[in-house]
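These are the residues of each chain, in order.
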Amino acid sequence: MPKAIERLGALQAQWSPAPYVALWSRLDGFTISQLERALARKSVVKATLMRSTLHLVSSADYPIYAAAIVGARRPKVERQFPVDLNAVAERMREATTDERPQTWDEWRSLAISLANRPIRQGEIWPLWTVGFMHARLVHLPPSGTYGFYRGAQFAPYERWVGRVPTLPPSPMSHAVTRYLAAFGPASVDDMSSWLGVPNTPVRAVLDSVAPRRFRDEAGRVLYDLPRAPLPPAETPAPARLLAKWDSPLLAYSPPERARILPERYRRRVIAPNGDVAQTVLVDGFVAGTWTIEKRRLRVEPFGRLPRAARDELAVEEERLLAFVP
């Protein structure tokens, strides 16, 4: 299970079923219990990471991703707030010693108290999330299990998983390699957008990580790993049901999401608050959305679907209804 998640970079996990459906759509024979066992065995963890949102990642990858993102975002945060980020992280780690879970309001209040200056509404988010990552705070199960929607309890990675492994010389190189293995070829803007970091630290590692260069139809430079597969354009893409916030819809910078999400459908899929619907893929492009209500799966296509796609989706619908509790 950790290897599958590493191959996908990470799985966004704000909504409990999302990572489970994401793996179901990609792995033959995947079951909910497989991922829940990985969380219980601590080979997979849930934590704040890319774009300051919740993800499931392998335990081996988590400290590296956290170091890469904190390293890239720390200078701006320390310019915004007159703080010692090490002291902020240590105070956050201390707050996890309570027996009861901290509420998000309590975490927010703690971050505000550490900011060392007056805070406007909504301004604390960068310090709060970078502090979480620098403290290496991970969610404790049952957070991350299927159907869990309550407040989470946190612990430092070292207390829950064990000793932090020796980090590679360049955590950002590792993060970019994981991204390109899942989503390349891609631009610097794409990589930066997915990680939620500035372009400069990404660009600094590309010569060593991604020596292959391409140009897209607009003339942008795209980067990829050595010997990475590049299927022909005519390669068939079977119909699929993707999870909420599924990675391919967020893996590219917003102007470039048209490679999978046609611009005319964007507002029907991505809400103003960033919520991303569960989507239907036909021939590799978003062609509708889906929901499950009272054990019935409802597909809302954006237009008439070819007969072959409807037949493929009927099979997927049956499989998904057999998968979800």
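Values in this document were obtained by computation on a predicted structure and should not be read as measured data. Along each chain, residue indices are assigned from 1 in the same order as the chain's sequence is written. In keeping with the model being predicted, local features are shown solely for residues with a pLDDT of at least 70 and side-chain atom pairs are shown and tallied solely at 80 or more, while totals for entire chains, interfaces and linings include all residues. By convention in this description, side-chain values take in all heavy atoms of the structure and omit both hydrogens and water.

Student: Now, about the packing of helix α6 (residues 104-114) against helix α7 (residues 125-135): what can you tell me, with residues and values included?
Tutor: All axes here are fitted lines through C-alpha atoms, helices being fitted over the stretch that makes contact, and every angle between N-to-C directions spans 0 to 180 degrees. Elements are defined by DSSP. Helices are runs of H or I of four residues or more, strands are runs of E of two residues or more, and each kind is numbered from the N terminus. Running from N to C, α6 and α7 cross one another at 100 degrees; their axes reach a closest spacing of 9 Å. Taken together, α6 and α7 sit at an angle that is classed as roughly perpendicular. Residues Trp-104, Trp-107, Arg-108, Ala-111 and Leu-114 of α6 form the contact with α7, whose participating residues are Leu-127, Trp-128 and Phe-132. For this classification, the nonpolar set comprises Ala, Val, Leu, Ile, Met, Phe, Trp, Tyr, Cys and Pro, the charged set comprises Asp, Glu, Lys and Arg, and every other residue, Gly included, is treated as polar. Class assignment for the residues of the contact of α6 with α7 results in 7 nonpolar, no polar and 1 charged. Any angle between 65 and 115 degrees counts as roughly perpendicular, while under 35 counts as roughly parallel, over 145 as roughly antiparallel, and the rest as oblique. Contacts are assigned to residue pairs with any non-hydrogen atoms lying within 4.5 Å of each other.

Student: Help me get a handle on the pairing of strand β3 (residues 54-58), residues and values and all.
Tutor: Only protein chains enter the accessibility calculation, which uses a 1.4 Å probe; a residue whose area is less than 20% of its type maximum is buried, one above 50% is exposed, and one in between is partly exposed. Within β3, 5 of the 5 residues are buried, which leaves it mostly tucked inside the rest of the structure. Residues Leu-54, Leu-56 and Ser-58 of β3 are buried on one face, and the alternating residues His-55 and Val-57, pointing to the opposite face, are buried as well. For two strands to count as paired, DSSP must find a minimum of two bridges between them. Pairing analysis gives 2 bridges linking strand β1 (residues 11-12) to β3, with the strands arranged antiparallel. Counterpart to Leu-11 in the pairing with β3 is Leu-56. Looking at chain direction, strand β2 (residues 44-48) and β3 are connected through 5 bridges and run antiparallel.

Student: Before we move on, could you go through the environment of Ser-52 and cite the residues and values that matter?
Tutor: With respect to the helices, strands and loops of the structure, Ser-52 is situated in the loop between β2 and β3. Residue Ser-52 is classed as buried on the basis of its relative accessible area of 8%. For Ser-52 and Leu-195, which are 143 residues apart along the polypeptide, the C-alpha to C-alpha distance reads 8.8 Å. The residues contacting Ser-52, other than those within four sequence positions of it, are Arg-73, Trp-125, Thr-129 and Met-133.

Student: Hey, could you go over the sheet that holds β3 for me, with residue numbers and the actual values?
Tutor: On the basis of which strands lie adjacent, the open sheet formed by 3 strands has the order β1-β3-β2 and antiparallel pairing. The sheet terminates laterally at β1 and β2, the two strands that pair on one side only.

Student: Could you give an account of helix α14 (residues 307-323), naming the residues involved and the relevant values?
Tutor: An expected span of 1.5 Å times one less than the residue number is assigned to each helix. Its 17 residues place the ends of α14 25 Å apart at the C-alpha level, agreeing with the 24 Å of an ideal helix rising 1.5 Å per residue. For α14, every residue scored as buried is listed here: Ala-309, Leu-313, Glu-316, Leu-320 and Phe-323. The buried residues of α14 occupy an angular sector of 70 degrees when the element is viewed end-on, so they sit on one face. Exposed side chains of α14 directed beyond 90 degrees from the buried face belong to Arg-307, Glu-318 and Ala-322. In this description, the arc belongs to the directions extending from the helix axis to the C-beta atoms.

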